[in-house]
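Structural overview
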Amino acid sequence: MDQLGFADRRSLRRKLGFWRLATILLIGLAAVAAFLAFSRADAGVGRDHIARVSISGVILDDRELVERLSRIAETSSVKGLIVSINSPGGSTFGGEVLYDAIRKVAEKKPVVSDVRTLAASAGYMVALAGDRIVAGDTSITGSIGVLFQYPQVKTLMDKIGVSLEEIKSSPLKAEPNPFHPPSDAAKAVIQAMIDDSYNWFVDLVAERRQLPRQEALALADGRIFTGRQAVGMKLIDELGGEPALRAFFESRKVARDLPIVDWEPPSNSLPFGLGSLSLALLQSLGLDPARLASSLPDLGADKLFLDGLVSVWQVEGR
């Protein structure tokens, strides 16, 4: 082989070596990203502690949070759970799913709901899952009810000279429709659906707060309450902050001095965009980064240390 051929082969080897090294580094970074995501989500998993999860903003169907709550329920070092809530509500289904997930934790360890600035509608529904509800004097809660909204643009379409024709299998298909006022039959169908979900919510309040149904129904007219008012209405148990939370756990034989550890959602960030690059590589290899992170305990990490009906409080005019 001539000198030029040897040079080409050496150049090819150098290129292959570079890409092999780059691939190894990227895989290593992906593993680091997955580990950091896990360690941040499950910080302190190796020592006894009280877990805390935060539920803020609009409540939707949050699968990651449900899985996190499931891990909390199964982690023996977690001796109790604080559910910190700051939410105006959200989808009725999203609230229901979180309520069920928190109750599954409560079957194994004590749970207290910590109402912060706001826990209304589906936010209050989530708070009901706690064995005890603690709020501030001026916290906002209540707004027990269900809402269904849709836009009506027929008047605008008439002004600009646009009409919509439709052919459908039955009069109630795709009703209510934003392009024409709903018929009485369509209104009746939606109202029946709202009433069914509303009755479920009222029954939940009556059961969890140990109130006669008629008393719960009287409180479920959509009103909001301050924490001080809610105590008098028996919608929450007491006013207070961390001392009240600690006292609750102590009453359930959980050591008062245990650290409170925030179980946060996984983070996929690394400096200089390496986190995104690593996650992209994992995905290109057919791997799910979130699933990989949640499986790290099985690899020995435990030894390392608004669609549909909504239940939401809305400020008029927003």
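Everything below is about the structure shown above.
In this report, we go over the structure that sits alongside the text. Small disclaimer: the values here were computed from a predicted structure and weren't measured.

1. Points about the overall build of the protein
A count of helices and strands for the protein gives 11 helices and nine strands. Within the span of the protein, comprising 318 residues, buried residues form 40% of the whole. Roughly 18,000 Å² of accessible area belongs to the protein as shown, and the carbon and sulfur atoms make up 56% of that amount.

2. Re the side chain of Arg68
Tracing the backbone through its elements, the reader meets Arg68 in helix H2 (residues 63-74). Its relative accessible area of 5% is what places Arg68 among the buried residues. Apart from residues no more than four positions distant in its own chain, Arg68 is found in contact with Val53, Trp263, Glu264 and Pro265.

3. A look at the pairing of strand S4 (residues 132-135)
Looking at chain direction, strand S3 (residues 111-120) and S4 are connected through four bridges and run parallel. Across the sheet, Val112 pairs through a bridge with Arg132, a residue of S4. This β-α-β element, S3 to helix H4 (residues 122-127) to S4, shows right-handed connectivity. Relative to strand S7 (residues 238-239), S4 runs parallel, the two sharing two bridges. What sits directly across from Val134, in S7, is Glu238.

4. Some remarks on the nonpolar core
Across soluble globular proteins, nonpolar side chains have a tendency to be buried as a group. Leu69, Ile72, Leu81 and Val83 are the most contacted members of the largest nonpolar core, which has 50 residues in total. Looking at this core, the element that brings in the most residues is helix H6 (residues 184-208), giving eight residues. If we skip the residues at most four places from it in the chain, Leu81 touches Ile50, Ala51, Arg52, Val53, Leu69, Ile72, Val105, Pro110, Val111, Val112 and Phe249.

5. A few points about the packing of aromatic side chains
Applying the stated rule across the entire model yields two aromatic pairs. Relative to Tyr150, the ring of Phe148 lies with its centre 6.3 Å away and its plane at 50 degrees, an arrangement referred to as tilted. Since its relative accessible area comes to 26%, Phe148 is described here as partly exposed.

6. Comments concerning the packing of H2 against helix H3 (residues 92-106)
Their axes nearest at 8 Å, the elements H2 and H3 cross at an angle of 10 degrees. Comparing their axes, H3 and H2 come out roughly parallel. On the side of H2, the interface is formed by Leu65, Val66, Leu69, Ile72 and Ala73, while H3 contributes Val97, Leu98, Ala101, Ile102, Lys104 and Val105. Split by residue class, the contact of H2 with H3 holds 10 nonpolar, no polar and one charged.

Calculation rules
- Residues numbered from 1 in each chain as written.
- Predicted model: local features only at pLDDT ≥ 70, side-chain atom pairs only at ≥ 80, totals over all residues.
- Heavy atoms only, no water.
- Helix = DSSP H or I, 4+ residues; strand = E, 2+ residues; numbered from the N terminus.
- Buried < 20%, exposed > 50% of the residue type's maximum accessible area, 1.4 Å probe, protein only.
- Areas by Shrake-Rupley, 256 points an atom, 1.4 Å probe, with all protein chains shown as cover.
- Contact = heavy atoms within 4.5 Å.
- Pairing = 2+ DSSP bridges.
- Right-handed = clockwise from strand over helix to strand, strands pointing away.
- Core = buried A, V, L, I, M, F, W, Y, C linked by side-chain atoms within 4.5 Å.
- Phe/Tyr/Trp six-rings, centres within 6.5 Å; stacked < 30°, edge-to-face > 60°.
- Axes fitted to C-alpha atoms, helices over the stretch in contact; angles between N-to-C directions.
- Parallel < 35°, antiparallel > 145°, perpendicular 65-115°, else oblique.
- Nonpolar A, V, L, I, M, F, W, Y, C, P; charged D, E, K, R; others polar.

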